[in-house]
Every structure is written in structure tokens, then in C-alpha cells.
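Letter by letter, the chains look like this.
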Amino acid sequence: MCHDPLLPPSVAAALTDYRSLRDAHDVRWGEPPLSYVVQAWTTLYLRDDDDFWGTGLRQMAARLPDVPEAELEDHLDQADLGRLVRDAMKGETPIRLPALRLTPDGCAVAAEPRVVLDERPLRTALLLDSSRDKPVTVVVDGTSYVVEPGGARVVEVTGSVSVDGQPVDLSPLVRRVPAAMLRVRAGFPCRWGVTGRNGQGWYPEGAPPKLDGLRRPYFHGDDLVLDVPAEPITVTVTRGMEYDTASVVVTPEAGGETLVELAPSRLYDAAARGWYGGDLHVHLNWMGEEPAAPALAAAAQHGEDLHVLNLVAGNVASERVYDREALEHWAGRDLPWSDAGHLARLGVEYRSDLLGHFTAFGISRPPARYHTGFAGAVDWPPNAVALEELRSLGGLTGYGHPFHFPFTDDDPPDVVLGRARNCSAREIVADAALGLIDTLDVLNHSSISATAAVYRRLVGAGNRLAVTAGTDAVLSFCRRGTASGPPGWERVYARVDGPLTAGSYAEAVRLGRTFATTGPWLELTVNGHGPGDRLDLAPGARVEIEVTSIGPEVTELEIRTADGVLAQGPPGRLAATLEVTEPTYVVAVATGGPHPRAMRGDGAYAHTSPVHLDVGGRPVAREADVRWCLAWLDRLAGLVRRFGVFDSPAQLDDHLRLYDRARAVYTSRLP
């Protein structure tokens, strides 16, 4: 019996299990209700700019007035999710969530009509929103729901709704249009978007209805046919960040097939220069609307022309490790759709919601452990133990989505480390000093500016860390902000010697020959040397620095050293001369405002790894940065003592001894 090479029996069985979890428990797949599990359900209806966190915390503060503000997030599992969605939307009735307003005078549908082809059935979510002072019973498709006074809840509707025994006219939900067929073709795999005039997306049969971080519909492939309305629609095509976007408006003929041949043009060709772009943090499955098979990852990687893809196995909030079966099947091997210019591997996201999450790329076999501190388990051992194991398996290791709220280069560690338990990269200051971590995802789905500030502190304190990128895209999600965006919407480019392999790419990253970007090409040279290189200079030596960028989204370039910004200028080219009197480093940064090429609302960003400038054989160890790291370790020890969960004092002592070892390293770097 022949098996699909992309769907071995163990992986097929896991997908069947995931679908049963989704069907039984909704998008959360039955995971324990930690705050980000609760949020996962609301993202079916809320946008990134809807105030989930503020609304939820205010709801908890009103319900639990005796709980300290810093601990309210831990109680979001008690939130009234229907009210939370309604209040966060501030009364809007977008196409994704129409509302049935239940007022003292009656009821009315508030909706932007959804296009439905021919006489096909409608299926939509509906917000039941009551402003009445008494409970009201709403019958939806034969099922009764009680909505409390002033309450709200979200239901699925396929047929009929009645209130107080009276049927509700659902015609405002629908605008029926004759069907047509559209064929899209570029001649190579691409990312397509097909939208109607109301922004509604259209997809080929079997393609998940995905929205990217800017809520634009998309799917991957080439020479694809899909049903569309026989009215004006916009077709767009692109292929990841190295390509521009092309678009056309067409009006397909009802009952016929319309061919659109459209291809994006290149902005730059990184591989032709020896640079390969990767996304080191992507999940196949991690809750979501539709469990994802490996074939979906293959289509996305080739459709985005993403050179390197690290699909990570990881848990959510329980012991279950999603895609563990795929890792066990393919560990140490390139995935079947890899070719000379596209490499895919199975890796790991190791997760601790006390100490931080990190990924491993290129491991030879599965590890013994994947997480600590979940489902009542202790916060032991330290992340360092898992780092040592994963590195012994050949893994390239890096902390992901490191910091989640903005702060400045001058903020102390108390501000950066934040509140009780969260998944910030708290242990990184110790792991970096001890040489246990290779990279930091300065480009991530959370706060880039905050992560960049910590990164420059760590490098200034004498640590060798490469800049990397990990989107934390989740292929099983369709509507969850950047998580449902395509893999590679941020990338780390590494300058590789020779052919692209897992080993050559990991080695280039370890050497720091990288820059990470939301799209712009960013190149840095110091006396002709690039990121990762080390120059040993005499005191007073002068070096020439040049930065170049490509990309329409860039508005400013910066050259930075350990002492801060050395030079700023417009995009294209920036040059400066530096007299080196003390050991330092040089990095380049490119920034820009919101742009269609940047799938983050806060705009475009790129950051290089450093060129290291030693003086008289001494590497950089800026005293202010070293003392900042020492203060971090002190603060971290206090947090772990207060919020860590341990079975014995010896387990806590393992953490404290790790920090003592790191403290000794930093102390040795002081003058």
C-alpha cells in the first residue's frame, strides 16, 4: 500500500485527532484556559486594533475588585467572551460578525451583507447583543440561547432565528450574486488575493480562508480555479518580500471561466548574492480553525519563495505537543518538498511561561523534553538544561517573541522583565553569558523595538548573538492577526558559503552573518567587512561604514554603535566614518511607516547583526551594559523565587546557581 509522502500514517492520525479536538472544543481544541487560549477564540472576530486586553482586564477588574491589577490577566479564563467581543468592537458590525440587536423595543439585524453565490446556503457567526433589562431567549436553528440583561453571545447561524417566538428577517445578512469561475496563473507558485468590493475574500476549494496580519485574504499556488461572484473583483499576486505586488480588476462572466494571467516582478534576488532568507518559528498546528497538513506548509513555502522554513513542534497550555509525530518521523531530514533553493525542517519550540520560549532548528532527533511549568508541572529544570540538550542534537537555538510591550534603550530591567508569569525571554541574559543561546528573534510578532533594545544591551555586554526572525505563524489559524499570516512575512537572511543545507544555513547564522527584516534589503559593511566579522584595531583607528537598502517602505537608515546612534539618513545609502578608541560594535537599522509590504501595523523594520570592532585584542564589554545585565539577573532571581513553582528547594537552587554562574561571567567583564 502506497502512502502520501507528505502524510505518513502517524501524521495523518495526529491530524484526525486534531480535527476531533476542534470539532469537540472549537478553535481552542480543549486547551486549558490560559489568557492566550482565551484570546484565540476572540480573534475569530476581533482585529488587532480591537481592544481585547484592555476590555478583558476591565471586565475582570469589575468582576474581581479584590484582585491586584497585575494579576487580573491570570483570571481571563473567567471572562464573559460574548460581552468581551461586543465591547472590544465598540459597536461595529463588520462583515465577519453581524449583530442581532435586542432592544427594549424589539430586535433588528445590523450587518454589512455577505455575498453568497446563487442559492448556496449561508453560514455565519451572529452576535446576540442585548440592551434589555431582562433575560431574552433567542432560538437559532432550533437551539435556544438565553441572553442575560445587557449581555451578549456569539452563535453560528445557518437557517433561522426567532426572538420572543417571532421569526427574524435575516435577509440583511445576505446579498446573492450569480456565480462565475476564475482561473489565476502566474507560471510559478505565488500568494494570491481575490477580493470583492466589500473586501470579502474568495478561495479555491479546499484552501483555508486565511487573512494576513493586515486582514487581507490570501492563498498559495498557481493555475488555480475558484468560484467568485459575477461582479467586479480585485486579483492581486505577490511572492514574499523579494517581489512586488501586481493587481488587476476583472468582472467575470456568470457561468463562465475567466483567466487572469498575472505575475509579480522582483525587487531583489537574495540567493543570487549568496543570502538565504528563513523563518525560524512557524507552527503547523497550535489550536486554530482548520488543522494543517504538511502540504499546506509546502504550498506556503514555495508560494512565498521562502528559502528556509523551520516548522516547530510545541505545546499550548497542556502536556500535548502538537506536530510531535511529524518531528519524530522527519527529524534530521529535509522535508520532502525541499529543493536546491528551498529547505524545510522540523524543529522544536521549547516553552516556559516563566522563563521564555526558544526554538531549535536543524536537530538530528527529538529531544527528551519540550516544556516546563504547564498543567501543574514544576518550573524545573532551567531552560539552560534544554538548551544544552538541543544544541547537543545539532540545534541552532534562539529565543522567540521575546518582549511584548514597548520600552526604550534606557529603561532598567525592572521595566523590561515585567509582571509575574509571562513568556518573555527572561533567562536569555544568563544563557547568553554562558554561551548557551545562539540568536535572538529581534524580528518577531511582538515588540521589535523593545527586543532590539535588549539585543543591543546584550551585545554591548560582550555576548555573541545573531539577529534572527521568527514570525510565530500558525498554519492552522485562519484569522488571528500576524499568526495567520504567511510564513516568512519576516525573515532572517544569512550569507551562506556554498549550497544551501541545514548545516550551512545554521553555521552562517551562528557566525552572525545575518540581518532580519519585514521586507527591506539591508546591507552593512565596515572597511568592507560584513555582519559577523571581527576587526582587531589599534586605538584611534578610523573605519569607513556603509549601509545600503532596497525597498519602497524604508524611510530612514541608522548606523549604531555601542554608544548609540552614530548616523541617520534617508534610504538608499548612508555612510559614516568612526574613530575607534574603545571596543565597540556597528549595526545598521532601517525603518519605515505602515506599508502594504510590511504585515505589521507599526511599519517596516530591518536590523543587522554586528560587525565587531575589537581594540588591542579586547572585545566590547561596555560597563553600563554589563551592569544592566547584572541588575537583570538580580531582578530575575527575585521573580523566580516569588512566582516559580517547585517541588523542593533544590529545584529553585538550580535556577539560582545558573544566575550565579552568569553573574560571575559578567563581573569578569567589568573594568
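The structure we're discussing is the one just above.
The following refers to the structure shown. (Residues numbered from 1 in each chain as written. Predicted model: local features only at pLDDT ≥ 70, side-chain atom pairs only at ≥ 80, totals over all residues. Heavy atoms only, no water.)

1. Some remarks on helix α13 (residues 649-668)
Structurally, the α-helix is built with 3.6 residues per turn, so residues lying three or four positions apart point the same way.
So, step 1. End to end, α13 covers 28 Å across 20 residues, agreeing with the expected 28 Å (1.5 Å per residue, within 8%).
So, step 2. Regarding α13, the residues found buried are Q651, L652, H655, L656, L658, Y659, A662 and Y666. Seen from one end, α13 has its buried residues packed into an arc of 145°, which puts them on one side. The exposed set on the far side of α13, more than 90 degrees from its buried face, consists of P649 and S668.
So, step 3. Where α13 is buried, its residues meet α7 (383-392), α9 (428-433), α10 (448-460) and α12 (623-643). (Helix = DSSP H or I, 4+ residues; strand = E, 2+ residues; numbered from the N terminus. Expected span 1.5 Å × (residues − 1). Buried < 20%, exposed > 50% of the residue type's maximum accessible area, 1.4 Å probe, protein only. Arc of directions from axis to C-beta. Contact = heavy atoms within 4.5 Å.)

2. Side note on the pattern of salt bridges
So, step 1. Tallied over the entire structure, the rule returns 54 salt bridges.
So, step 2. With a shortest N-O distance of 3.4 Å, E261 and R185 are connected by a salt bridge. Placement of E261 in strand β18 (residues 257-261) and of R185 in strand β11 (residues 179-185) is noted, with a sequence separation of 76 residues between them.
So, step 3. For E261, a relative accessible area of 55% gives the class exposed.
So, step 4. Of the charged contacts, one joins R622 and D625 as a salt bridge, the two residues approaching to 2.8 Å between their closest N and O atoms.
So, step 5. Given a relative accessible area of 29%, R622 falls into the partly exposed group.
So, step 6. Salt bridges sharing common partners tie together R183, R185, D223, E257 and E261. (Salt bridge = Lys/Arg side-chain N within 4 Å of Asp/Glu carboxyl O.)

3. Description of helix α4 (residues 81-89)
So, step 1. Taking burial as the measure, the 9 residues of α4 include 7 buried ones, the bulk of the element.
So, step 2. Those residues of α4 lying buried are L81, G82, L84, V85, R86, A88 and M89.
So, step 3. Close packing links the buried residues of α4 with α2 (35-42), α3 (52-63), β4 (124-130) and β7 (152-157).
So, step 4. Count one or two residues on from α4 and you reach K90, which has phi positive near 55°.

4. Topic: the nonpolar core
So, step 1. Counting 103 residues, the largest nonpolar core has L311, W337, F361, I428, Y505, Y659 and Y666 as the members making the most contacts within it.
So, step 2. The leading source of residues in this core is α12, at 10 residues.
So, step 3. In contact with I428, other than residues within four places in its own chain, are Y399, I437, L440, L458 and L465. (Core = buried A, V, L, I, M, F, W, Y, C linked by side-chain atoms within 4.5 Å.)

5. Concerning the pairing of strand β27 (residues 466-469)
If a strand is regular, its side chains alternate between the two faces of the sheet.
So, step 1. The side-chain alternation of β27 yields two buried faces, one formed by A466 and T468 and the other by V467 and A469.
So, step 2. Handedness of the strand β26 (residues 439-443)-α10-β27 crossover: right-handed. (Right-handed = clockwise from strand over helix to strand, strands pointing away.)

6. A closer look at the sheet that holds strand β15 (residues 224-229)
So, step 1. Read across the sheet, 3 strands follow the order β15-β11-β18 without closing on themselves; strand pairing throughout is mixed. On the outer flanks of this sheet lie β15 and β18, each paired with one strand and no other. Here the strands of the sheet are splayed against their neighbours by 30° on average, with no regard to which way each runs.
So, step 2. Pairing geometry for β11 and β18, over 5 bridges, is parallel. Paired with V184 across the bridge in β18 is V260. (Pairing = 2+ DSSP bridges. Axes fitted to C-alpha atoms, helices over the stretch in contact; angles between N-to-C directions.)

7. Some points on the sheet that holds strand β2 (residues 106-110)
So, step 1. Sheet architecture is open: 4 strands sit in the order β2-β1-β4-β7, paired in mixed fashion. Two strands close off the open sheet at either side, each with one partner strand: β2 and β7. Within this sheet the neighbouring strands show an average axis-to-axis angle of 25°, counted without direction.
So, step 2. Sheet topology places β4 next to β7; 6 bridges connect them, and they run antiparallel. Bridge pairing links T124 to V157 in β7.

8. Thoughts on the side chain of R86
So, step 1. Tracing the sequence through the fold places R86 in helix α4.
So, step 2. Ignoring sequence-local partners within four residues, the contact set of R86 consists of G91, L127, D129, S130, G150, G151 and A152.

9. Here's the deal with unusual backbone geometry
So, step 1. Each neighbour pair has its own omega, and for W380 with P381 the value is 5°, a cis peptide bond.
So, step 2. Take P381: it is sitting in the loop between β24 (371-372) and α7.
So, step 3. Positive phi, close to 75°, is recorded for D26, a residue that is not glycine.
So, step 4. One can find D26 in the loop between α1 (9-25) and α2.
So, step 5. With a phi close to 55°, D164 is a non-glycine residue in the positive phi region.
So, step 6. In this structure, D164 sits in the loop between β8 (161-163) and β9 (166-167).
So, step 7. Look at D164 and you get exposed, because its relative accessible area is 53%.

10. Notes on the environment of T514
So, step 1. One can find T514 in strand β30 (residues 514-517).
So, step 2. The exposure class of T514 is buried, given its relative accessible area of 0%.
So, step 3. C-alpha of T514 to C-alpha of G485: the two residues are 29 residues apart in sequence and 23 Å apart in space.
So, step 4. Those residues in contact with T514 that sit more than four places away from it in its chain are W275, A466, V467, V492, Y493, A494, A508, V509, P531, T608 and S609.
So, step 5. A distance of 2.8 Å separates the side chain of T514 from the backbone oxygen of V467, its partner in a polar contact.
So, step 6. Side-chain polar atoms of T514 contact the side chain of S609, separated by 2.6 Å. (Polar contact = N/O pair within 3.5 Å; in protein donor to acceptor, adjacent residues only side chain to side chain.)

11. So, the packing of aromatic side chains
So, step 1. A full pass over the atoms with the stated rule returns 19 aromatic pairs.
So, step 2. Measuring from ring centre to ring centre gives 5.3 Å for W41 and Y45, while their planes differ by 70°; the resulting arrangement is edge-to-face.
So, step 3. Classification of W41 as buried rests on a relative accessible area of 11%.
So, step 4. Both rings, one in W628 and one in W632, keep their centres 5.4 Å apart while their planes meet at 45°; by these two values the pair is tilted. Within this pair, W628 and its partner W632 are both found in helix α12, separated by 4 residues, close to a single helical turn. Summarising the burial analysis for this pair, W628 and W632 share the class buried.
So, step 5. Members of the aromatic cluster, each reached through a chain of ring pairs, are Y268, W275, Y493, F515 and W521.
So, step 6. Here R273 stacks its cationic end above the ring of W521, 4.9 Å away from the centre of that ring.
So, step 7. The ring of F477 carries the charged tip of R480 above its face, separated from the ring centre by 5.1 Å. (Phe/Tyr/Trp six-rings, centres within 6.5 Å; stacked < 30°, edge-to-face > 60°. Lys NZ or Arg CZ within 6 Å of the ring centre and 35° of its normal.)

12. Let's talk about the packing of α12 against α13
So, step 1. Orientation of α12 relative to α13, taken along the N-to-C sense of each, is 175°, at an axis distance of 10 Å. Judged by the inter-axis angle, α12 sits roughly antiparallel to α13. Of the residues in α13, those touching α12 at V626, C629, L630, L633, D634, L636, A637, V640 and R641 are L652, H655, L656, Y659, A662, R663, Y666 and T667. (Parallel < 35°, antiparallel > 145°, perpendicular 65-115°, else oblique.)

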